[in-house]
2 protein chains.
Amino acid sequence: MPHVQAEALRAFSEALLTAGGFAPGDARQTAELLVWANLRGIDSHGVLRIPRYVEMIELGMMTSGGTVAQVGGRGAVAVLDGGKCPGAVGMNAAVDKAAALARDHGIGWCAARAISHAGAVGFFTARLAERGLIGLAMTASKPLMSYHGALGEALSTNPLSIAAPMGDGQDPVILDMSTAAVALGKIMAARDAGRAIPEGWAVDAEGRATTDPDRVAALLPMAGAKGSGLSMMIEILTSVLAGNAVIGPFLAAGRNNGFNGMVLAIDPAAFGDPADFAAEVRALADAIHALPPAAGVDGVLLPGERGAATARLRAETGIPLAAGTARRLVALAGKLGVAVPEALAAAE
Amino acid sequence: MPHVQAEALRAFSEALLTAGGFAPGDARQTAELLVWANLRGIDSHGVLRIPRYVEMIELGMMTSGGTVAQVGGRGAVAVLDGGKCPGAVGMNAAVDKAAALARDHGIGWCAARAISHAGAVGFFTARLAERGLIGLAMTASKPLMSYHGALGEALSTNPLSIAAPMGDGQDPVILDMSTAAVALGKIMAARDAGRAIPEGWAVDAEGRATTDPDRVAALLPMAGAKGSGLSMMIEILTSVLAGNAVIGPFLAAGRNNGFNGMVLAIDPAAFGDPADFAAEVRALADAIHALPPAAGVDGVLLPGERGAATARLRAETGIPLAAGTARRLVALAGKLGVAVPEALAAAE
């Protein structure tokens with residue numbers, strides 16, 4: 001498995017995206033988001049997405065180089081329309097706008113409608129935590145998992161991320177969870193490996209629990225009705241509220257309205273002394289760390305802590321890329337005339 | 001099982017609470033909250049709580065008749081301090097304040113710190129939906145369930161509710177979920193009945209999965225790390241942010257700082273035409289209702305729909321009270337000199 005240093009992978013990704021039709025600033029922001037995910041071990045949301053992103057540009061499903069325009073809002077609310085811009089571009093704009101609103105109003109809600117795939121949403125809440133703000137972000141897209149008690153795909157695996165700063169130079173706490181029982185990638189991996197999947201991950205076309213990855217018709221929501229209820233409310237808060245409903249039009253008429261996102265920024269200084277807030281978050285983190293681990297568990301981790309540790313490790317050792325991912329990126333580089341980093345040249 | 005009409009139960013509850021030391025307005029608000037839960041079939045959060053609430057007043061764990069004072073906030077943010085007021089009183093004040101902030105700023109976040117037990121939080125988000133606003137509410141309290149990967153009780157089952165108006169005279173969508181795999185009451189019921197519990201609900205003192213309700217040392221979070229991560233973030237957003245941390249001080253020093261709540265109100269009119277919003281929520285609801293039900297499922301229900309149907313039924317037939325609940329309320333009435341409704345007199 002080839003290992004690539006983060007900066008080399010970022011520069012390569014930016015070059016691939018630029019050659020594939022992304023405007024320079026859009027390519028930079030997207031590459032940064034993807035490599036952040038790889039650094040943290042979320043390889044399913046990393047550079048393996050690049051060939052599809054380039055294809056989406058070619059198909060007109062994503063556009064780059066346009067403007068993310070504010071089309072609505074009042075007070076502590078702003079509505080941006082991305083015009084099918086890359087997800088990173090729309091969500092970064094929402095992060096900046098929400099942060100500015102929070103400085104003025106204590107909190108700020110920025111909708112980013114009609115964007116494209118937004119990747120690992122923890123990236124955006126982490127950006128807010130770096131500025132001393134609490135960040136909450138959600139994204140919404142078309143059906144990928146079932147609704148509790150119904151057959152087939154009906155809702156997306158809509159993720160929710162919440163991050164809080166800890167101050168004192170420490171990593172923020174970053175919760176980043178989908179509303180599905182499991183990531184689709186884990187079922188694809190089991191299918192490739194000819195392995196059974198555990199019960200509770202997915203159902204077949206008749207809505208029966210299945211352990212056969214080849215019979216999967218829909219992912220199950222996490223925790224049954226809670227997961228599908230939360231996914232539906234994320235669709236309402238992220239898509240419907242911003243004037244770009246996705247699930248209703250898809251189920252009723254097969255129309256695909258793409259992706260939407262939202263960012264809520266909260267300024268702890270609007271509630272009290274932000275240093276006290278950060279100190280109490282650290283005290284909470286210390287109390288969690290001091291819990292006795294269950295049998296077979298090495299240590300008790302905070303949300304986002306494993307990702308931060310992986311990022312430190314991979315910053316040293318480089319990012320390990322699966323052979324298939326490396327091969328596909330090198331092939332794309334050949335097609336687009338982009339130079340391949342030395343560490344990946346062997347994958348040609 | 002005695003059946004009591006909702007209004008008779010509400011009046012009886014108000015009289016019991018008043019005789020038990022609640023100020024008149026506080027008793028009225030608390031009775032309304034409890035009977036709302038009973039009407040919707042959430043009997044675990046209904047009038048069975050009254051004897052404990054009266055005991056909490058006697059013990060000084062709850063106070064009534066004080067003021068819910070604004071102690072902080074800026075722009076679209078307000079921080080209320082309840083001074084250990086009844087949960088309904090603190091949360092109703094937060095609903096009113098958040099709604100007023102949302103009218104002015106598009107969104108409004110109101111913290112309600114140092115309140116008491118807030119019951120079924122869907123009550124408060126439903127109040128916002130009745131006013132045409134989206135409501136989000138969370139409450140936080142002391143350890144009742146485990147942290148993923150750790151032994152013993154570490155986090156609360158902190159609930160999250162989100163409600164959205166559908167307009168057109170229709171019931172709002174109301175998601176109301178705890179962050180635990182199951183309600184504690186279901187384990188108590190299995191214990192009373194001598195039944196095993198399903199795997200995945202709880203762990204024993206060594207952190208092993210158990211199906212024996214007598215060996216339960218802690219509830220499990222819903223969906224593993226997702227449930228404990230979400231509960232921890234609710235503690236940060238609800239308790240730490242408002243300056244009344246609960247989990248950290250409890251785990252570190254056994255100190256019980258009680259309960260906190262928060263309410264976020266969102267005005268759809270700040271995003272676009274609120275009539276369009278409500279129409280799109282109805283279209284989403286229609287699409288969900290039209291999904292083919294899985295085998296063994298009668299029909300596909302929206303979040304909160306079963307509760308609304310139960311409330312309509314119980315408004316007709318009266319509220320069925322478990323024999324033990326009826327007996328305890330009648331005994332409390334005898335002690336406090338409160339007249340017992342005819343429907344409950346047989347339970348003496």
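Values in this document were obtained by computation on a predicted structure and should not be read as measured data. (Residues numbered from 1 in each chain as written. Chains lettered and ligands numbered in written order. Predicted model: local features only at pLDDT ≥ 70, side-chain atom pairs only at ≥ 80, totals over all residues. Heavy atoms only, no water.)

> Help me out: how do you make sense of the overall build of chain A in this one?
Counting its secondary structure elements, chain A contains twelve helices and eleven strands. In summary, chain A has a C-alpha radius of gyration of 20 Å against a globular reference of 20 Å for 348 residues, a match within 12%. Principal axes of the C-alpha set define a box for chain A whose edges measure 55 × 50 × 50 Å. Residue burial in chain A is summarised as follows: out of 348 residues, 54% are buried. (Helix = DSSP H or I, 4+ residues; strand = E, 2+ residues; numbered from the N terminus. Rg over C-alpha atoms; globule rule 2.2 N^0.38 Å. Buried < 20%, exposed > 50% of the residue type's maximum accessible area, 1.4 Å probe, protein only.)

> Can you help me understand helix α1 (residues 6-19) of chain B in this one?
Residue pairs three or four apart in sequence face the same way in an α-helix, which turns once every 3.6 residues. Residues and elements named next belong to chain B. With 14 residues, α1 ought to run about 20 Å at 1.5 Å a step, and its terminal C-alpha atoms sit 20 Å apart, in line with that. Within α1, the full set of buried residues consists of Ala6, Leu9, Phe12, Ser13, Leu16 and Leu17. End-on, the buried residues of α1 take up no more than an arc of 130 degrees, which puts them together on one face. Where α1 is buried, its residues touch β1 (3-4), α2 (24-39), α3 (50-58), β11 (319-320), α11 (323-336) and α12 (342-345). (Expected span 1.5 Å × (residues − 1). Arc of directions from axis to C-beta. Contact = heavy atoms within 4.5 Å.)

> Mind showing me how you'd approach the relation of the copies chain A and chain B here?
Two chain copies, one operation linking them: a rotation about an axis together with a shift along it. Mapping chain A onto chain B calls for a screw motion: a turn of 180 degrees about the axis and a shift of 0.0 Å along it, with 0.0 Å RMSD after fitting. The symmetry that links the two subunits is that of a two-fold axis. For chain A, the smallest separation between a C-alpha atom and the rotation axis is recorded for Ala223(A), amounting to 2.8 Å. The residues that chain A uses at the interface reappear at the interface of chain B in 99% of cases, marking a shared surface. (Least-squares fit on C-alpha atoms with pLDDT ≥ 70 in both.)

> Which parts of the structure should I look at to understand the packing of helix α2 (residues 24-39) of chain A against helix α5 (residues 122-130) of chain A?
When two helices pack together, their arrangement is given by the angle between the helix axes and the distance between those axes. Residues and elements named next belong to chain A. For the pair α2 and α5, the least separation of the axes is 10 Å and the interaxial angle reads 95 degrees. As the angle between them shows, α2 and α5 are arranged roughly perpendicular. Note on element contacts: α5 touches α2 through Gly122, Phe123, Phe124, Ala126 and Arg127, opposite Glu32, Leu33 and Trp36. (Axes fitted to C-alpha atoms, helices over the stretch in contact; angles between N-to-C directions. Parallel < 35°, antiparallel > 145°, perpendicular 65-115°, else oblique.)

> Where do I start with the pairing of strand β6 (residues 160-164) of chain B in this structure?
Walk down a regular strand and you will see the side chains alternate between the two sheet faces. Residues and elements named next belong to chain B. Most of β6 is tucked away: five of the five residues are buried. The two faces of β6 match: Leu160, Ile162 and Ala164 on one face and Ser161 and Ala163 on the other face are all buried. In the sheet, strand β5 (residues 134-140) pairs with β6 via four bridges, with the strands oriented antiparallel. Bridge assignment links Met138 to a residue of β6, and that residue is Leu160. (Pairing = 2+ DSSP bridges.)

> Help me understand helix α5 (residues 122-130) of chain B in this model?
All names here are of chain B. Burial analysis of α5 places eight of its nine residues in the buried class, which makes it a mostly covered element. For α5, the full list of buried residues reads Gly122, Phe123, Phe124, Thr125, Ala126, Arg127, Leu128 and Ala129. Elements that come into contact with the buried residues of α5 comprise α2, α4 (87-105), β5, β6, β7 (173-177) and β10 (259-266). Trailing α5 by a residue or two, Gly132 shows a phi angle of about 85 degrees, which is positive.

> Before we go on, may I ask you to explain the pairing of strand β4 (residues 107-115) of chain B in this structure?
Residue and element names in this part refer to chain B. Counting buried positions along β4 yields nine of nine residues, so the element is predominantly enclosed. Where strand β3 (residues 77-85) meets β4, six bridges bridge the pair, whose relative direction is parallel. The residue of β4 that forms the bridge with Val77 is Trp109. Note: β4 against β10, seven bridges, orientation antiparallel.

> Quick question: what am I supposed to make of the sheet that holds β4(B) here?
All names here are of chain B. Pairing is mixed in the open sheet, where seven strands are placed in the order β2-β3-β4-β10-β5-β6-β7. Each edge of the open sheet carries a strand with a single partner, namely β2 (69-74) and β7. Within this sheet the neighbouring strands show an average axis-to-axis angle of 15 degrees, counted without direction. Relative to β6, α5 is tilted by about 20 degrees, and along the sheet it contacts β5, β6, β7 and β10.

> For this particular structure, what's the right way to read unusual backbone geometry?
Leave glycine aside and you will find that most residues have negative phi; peptide bonds, for their part, are mostly trans. Here the phi dihedral of Ala114(B) falls at roughly 55 degrees; this positive angle occurs in a residue that is not glycine. Considering the arrangement of structural elements, one finds Ala114(B) in strand β4.

> What exactly am I supposed to notice about the sheet that holds strand β6 (residues 160-164) of chain A here?
All names here are of chain A. Across the sheet, seven strands lie side by side as β2-β3-β4-β10-β5-β6-β7; this open sheet has mixed pairing. Every interior strand has two partners, whereas the edge strands, β2 (69-74) and β7 (173-177), have only one. Taking each pair of neighbouring strands and ignoring which way they run, the sheet shows an average axis angle of 15 degrees. Here β2 pairs with strand β3 (residues 77-85) via five bridges, running antiparallel.

> In this structure, what is going on with empty space enclosed by the protein? I would like to understand it.
Any empty space left between the atoms is revealed when a probe the size of a water molecule rolls over them. By the definition in use, this model includes two cavities of 30 Å³ or more. Considering only enclosed or pocket space, the largest cavity measures out at about 190 Å³ in volume. Along its surface, the largest cavity is lined by 18 residues, and Leu136(A), Leu160(A), Ile162(A), Leu136(B) and Leu160(B) are the ones closest to its centre. A per-element tally of the lining of the largest cavity places helix α7 (residues 225-240) of chain A first, with three residues. Its residues assigned to classes, the lining of the largest cavity comprises 18 nonpolar, no polar and no charged. If you add up the space inside the second largest cavity, you get close to 30 Å³. Together, Phe22(B), Thr30(B), Leu33(B), Tyr53(B), Met62(B), Pro86(B), Gly87(B), Ala88(B) and His117(B) line the second largest cavity. Where the lining of the second largest cavity is concerned, the elements lending two or more residues are α2 and α4 of chain B. Tallied by class, the residues present in the lining of the second largest cavity amount to six nonpolar, three polar and no charged. Looking at which domains feed residues into the lining of the second largest cavity, each of domain 1 (1-65 + 318-348) and domain 2 (66-180 + 222-317) of chain B supplies at least three. (1 Å grid on protein atoms, 1.4 Å probe; cavity = no way out; pocket = protein on both sides within 12 Å on 5 of 7 lines; lining within 4 Å. Points joined across faces, edges and corners; volume = space filled by probe spheres on them. Nonpolar A, V, L, I, M, F, W, Y, C, P; charged D, E, K, R; others polar. Domains from an automatic or database assignment.)

> Quick question: what am I supposed to make of the pattern of salt bridges here?
Between side chains of opposite charge, a pair can form when the charged atoms approach closely. In this structure the tally under the stated criterion is 30 salt bridges over all chains. Across the salt bridge formed by Asp267(A) and Arg74(B), the nearest N and O atoms sit 3.4 Å from each other. Placement of the pair is Asp267(A) in the loop between β10 (259-266) and α9 (274-289) and Arg74(B) in strand β2, with the two residues belonging to separate chains. Each of Glu7(A), Arg10(A) and Glu14(A) takes part in salt bridges that share partners, so that together they form one network. (Salt bridge = Lys/Arg side-chain N within 4 Å of Asp/Glu carboxyl O.)

> So what exactly am I meant to see when it comes to the domain arrangement of chain A here?
How large an interface is tends to be reported as the accessible area lost when its parts come together. All names here are of chain A. Split by domain assignment, chain A resolves into domain 1 (1-65 + 318-348), domain 2 (66-180 + 222-317) and domain 3 (181-220). The interface of domain 2 with domain 3 comprises ten residues on the first partner and nine residues on the second. Between domain 2 and domain 3 lies a buried interface of about 650 Å² when both sides are counted; carbon and sulfur atoms form 62% of it. It is Ser146, Leu151 and Ala180 in domain 2 that bury the most area against domain 3; as a group they hold 52% of the surface buried on that side. At the junction of domain 2 with domain 3, the criterion picks out zero salt bridges. Linking domain 2 with domain 3 are two residue pairs in polar contact (both at pLDDT 80 or more). In terms of residue class, the side of domain 2 that touches domain 3 is built from five nonpolar, four polar and one charged. (Buried area = accessible area lost by both parts, 1.4 Å probe. Polar contact = N/O pair within 3.5 Å; in protein donor to acceptor, adjacent residues only side chain to side chain.)

> Help me out: how do you make sense of the side chain of Asn92(A) in this one?
Mapped onto the secondary structure, Asn92(A) falls in helix α4 (residues 87-105). Side-chain polar atoms of Asn92(A) contact the side chain of Gln29(A), separated by 2.8 Å.

> Teacher, can you tell me more about the packing of aromatic side chains here?
Two numbers describe a pair of aromatic rings. These are the distance of the centres and the angle of the planes. A full pass over the atoms with the stated rule returns six aromatic pairs over all chains. Ring plane angle 80 degrees and centroid distance 5.6 Å describe the contact between Trp36(A) and Phe123(A), whose orientation is recorded as edge-to-face. One end of the pair, Trp36(A), is in helix α2; the other, Phe123(A), is in helix α5, and 87 residues separate them in sequence. For Trp36(A), a relative accessible area of 14% translates into the label buried. The class for Phe123(A) is buried, based on a relative accessible area of 1%. Considering the side-chain rings of Phe271(A) and Trp109(B), the 6.1 Å spacing of their centres and the 85 degrees angle between planes classify their relative orientation as edge-to-face. (Phe/Tyr/Trp six-rings, centres within 6.5 Å; stacked < 30°, edge-to-face > 60°.)

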